[in-house]
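Spelled out, the chains give:
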Amino acid sequence: MAKSIYLDNNATTTLESDVLNAITSALSKSWGNPSSSHTQGIEAKAIIEESRQHVAAMLGAKASGGTEGNNMILHTAVKYFHSGQDWSHNGFPDKEHLPHFITSNLEHDAVKLVLEHFAEEGIASVTFVPASPKTGHVMVDDVIAAIRPSTCMISIMLANNETGIIQPVKEMFERVKQINTSRKTIPKILLHTDAAQAIGKIPVSVQDLGADYLTIVGHKFYGPRIGAIYVKDLGSSKEVPLYPMFYGGGQERSYRPGTENTAMIAGLGQASKLVTENIDKYNRHMEKVRDYLEDRLKAEFGEEICFNGRIGKSCRIPNTCNMSLLSVDCSGSEVLSHCTHVQASVGAACHAQNRPSPILLALDIEEDVARRAIRLSVGRETTQEDIDCAVNDLKQAVEKIQSKNTCTSAQRVE
């Protein structure tokens, strides 16, 4: 059986052995209902609280799933806007009676599609600020210029899942907080960042970013497929509210009712603990391997390769390489289909694989180049030997396609 080289860590990661052990232990030993007052319930509850502390420590926060979390935060902003009657009914022009969101045209569908739904249903108005092709990220001044009296939330991802480019969230949020000090009779602007692709790759501190809300996705940093959200001063501040999407039991202080999944929470806590303890090591290793990958690709394909994430002086998360092979006239997915070892994708795993990435097109990358794009995302265990094998595999895939095209052209001539 051919050796598999997994280079799709931005789509999902495997479970760290320590995380798997934490999940297995919780399933076998701490299976009680966390709401129960007997020994089994108390033990399960203790694991949940310990895991919460690990997640908070990872974010540099006080103790407080990706798609669900984003939905919850965005719906909260709508309710927040309407909770102030003076804001939503008095003093605004007709078009300002709706809550207004600002986001970018680079967001993951977990944010983008929710906001598009709000706009289509007349729930909210939305400004999708276009990213600059010169930087690969949104410009702070463009976001600030989009603010209206009815703006209730700005939601910008921390790092893009396809290009790896880090967005200027800290600078942006600092500017907005200054603006908030003068918004006395209109809603303060709530600040949200989806940090799914950044956590586990670069240090992430909610205090440093100045975020009111932050979304966490466990399976992006070697944890289980559950998520978590950070809310600033949850429960102790009316300025940063959180409203439940579901109603039922009183679990999670009634913000997210339903019996807690202790085992998966334990796994998320352990994954967070590993990030807190090892983030510098993870960062250095992934950057070294990613840079080696790009050097090898450039050496092998020369002028016939385009690196789509290298835009200006913009910073990237350390594991992501988005590139297009120009020597074959076919899609990136077709190149990957001819690979024997490489497991990768052409972009977000939830997008169609046979059309150009909307993210790359939004950055003014030519459609023919975007159609050929392949996203290679290295992980904690990826070695330089893996990279050598992967580059050779891509080379043979290209040669195989070129050979096939040559044979087809010869048959047409005959």
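Scroll up to find the structure this text is about.
Let us look at the structure shown here. (Residues numbered from 1 in each chain as written. Predicted model: local features only at pLDDT ≥ 70, side-chain atom pairs only at ≥ 80, totals over all residues. Heavy atoms only, no water.)

1. Thoughts on the packing of helix H2 (residues 39-59) against helix H9 (residues 262-301)
In helix packing, the relevant descriptors are the interaxial angle and the interaxial distance, both defined with respect to the helix axes.
Next, step 1: Two elements in contact, H2 and H9, have axes whose closest approach is 8 Å; the angle formed by their N-to-C orientations is 30 degrees. Regarding H2 and H9, the two cross each other, and that crossing is left-handed. Here Ala-44, Ile-47, Ile-48, Ser-51, His-54, Val-55, Ala-57 and Met-58 of H2 lie close against H9, whose contacting residues are Thr-262, Ile-265, Ala-266, Leu-268, Gly-269, Ser-272, Lys-273, Val-275 and Thr-276.
Next, step 2: Tallied by class, residues from the contact of H2 with H9 come to 10 nonpolar, 6 polar and 1 charged. (Axes fitted to C-alpha atoms, helices over the stretch in contact; angles between N-to-C directions. Helix = DSSP H or I, 4+ residues; strand = E, 2+ residues; numbered from the N terminus. Left-handed = near helix turned anticlockwise from the far one by under 90°. Contact = heavy atoms within 4.5 Å. Nonpolar A, V, L, I, M, F, W, Y, C, P; charged D, E, K, R; others polar.)

2. Describing the packing of aromatic side chains
Next, step 1: One pass over the full model with this rule turns up 1 aromatic pair.
Next, step 2: Taken together, a centroid distance of 5.7 Å and an interplanar angle of 45 degrees make the contact between Phe-101 and Phe-118 tilted. Here Phe-101 is found in strand S2 (residues 100-104), whereas its partner Phe-118 is found in helix H5 (residues 109-120), with 17 residues between them in sequence.
Next, step 3: Between Arg-310 and the ring centre of Phe-307, over which it is positioned, the NZ or CZ distance is 4.3 Å.
Next, step 4: Between Arg-380 and the ring centre of Tyr-282, over which it is positioned, the NZ or CZ distance is 3.8 Å. (Phe/Tyr/Trp six-rings, centres within 6.5 Å; stacked < 30°, edge-to-face > 60°. Lys NZ or Arg CZ within 6 Å of the ring centre and 35° of its normal.)

3. Examining the sheet that holds strand S6 (residues 213-217)
Next, step 1: If you trace the 6 strands from one edge of the open sheet to the other, you get S3-S2-S4-S5-S6-S7, paired in mixed fashion. Strands at the two margins of the open sheet, each flanked by one partner only, are strand S3 (125-129) and strand S7 (227-231). The average undirected angle you get between the axes of adjacent strands in this sheet is 20 degrees.
Next, step 2: Bridging between strand S5 (residues 190-194) and S6 involves 3 bridges; their strand directions are parallel. Bridging from a neighbouring strand, Thr-193 pairs with Leu-214 of S6.
Next, step 3: This element, H5, spans S2, S3, strand S4 (151-155) and S5 of the sheet and lies at about 140 degrees to S3. (Pairing = 2+ DSSP bridges.)

4. Things to note about the packing of helix H1 (residues 17-29) against H9
Next, step 1: Where H1 meets H9, the axes come as close as 8 Å, and the angle between the chain directions of the two elements is 150 degrees. Put simply, H1 runs roughly antiparallel to H9. Relative to H9, the crossing made by H1 is right-handed. Every residue of H9 that contacts H1 at Asp-18, Val-19, Ala-22, Ile-23, Ala-26 and Leu-27 is listed here: Thr-262, Ala-263, Met-264, Ala-266, Gly-267, Gln-270, Ala-271 and Leu-274.
Next, step 2: Within the contact of H1 with H9, the residues separate by chemical class into 10 nonpolar, 3 polar and 1 charged. (Parallel < 35°, antiparallel > 145°, perpendicular 65-115°, else oblique.)

5. Considering the state of the cysteines
Next, step 1: Evaluated as defined, the whole model comprises 0 disulfides.
Next, step 2: For Cys-339, which is in no disulfide, the shortest distance to another cysteine sulfur is to Cys-389 and amounts to 9.9 Å.
Next, step 3: Looking at Cys-339, the relative accessible area reads 14%, which means it is buried. (Disulfide = S-S within 2.5 Å. Buried < 20%, exposed > 50% of the residue type's maximum accessible area, 1.4 Å probe, protein only.)

6. Remarks on the pairing of strand S9 (residues 320-325)
Next, step 1: Burial analysis of S9 places 6 of its 6 residues in the buried class, which makes it a mostly covered element.
Next, step 2: The two faces of S9 match: Thr-320, Asn-322 and Ser-324 on one face and Cys-321, Met-323 and Leu-325 on the other face are all buried.
Next, step 3: Here 3 bridges tie strand S8 (residues 305-307) to S9, and the two strands are oriented antiparallel to one another. Within the sheet, the bridge partner assigned to Phe-307 lies in S9 and is Met-323.

7. Quick notes on the pairing of S2
Next, step 1: For S2, the buried fraction is high: 5 of the 5 residues fall into the buried class.
Next, step 2: What you see with S2 is no split at all: His-100, Ile-102 and Ser-104 on one side and Phe-101 and Thr-103 on the other are buried throughout.
Next, step 3: Taken together, S2, H5 and S3 constitute a β-α-β crossover, and its handedness is right-handed.
Next, step 4: Here S2 pairs with S4 via 4 bridges, running parallel. Within S4, the position partnered with His-100 by the bridge is Thr-151. (Right-handed = clockwise from strand over helix to strand, strands pointing away.)

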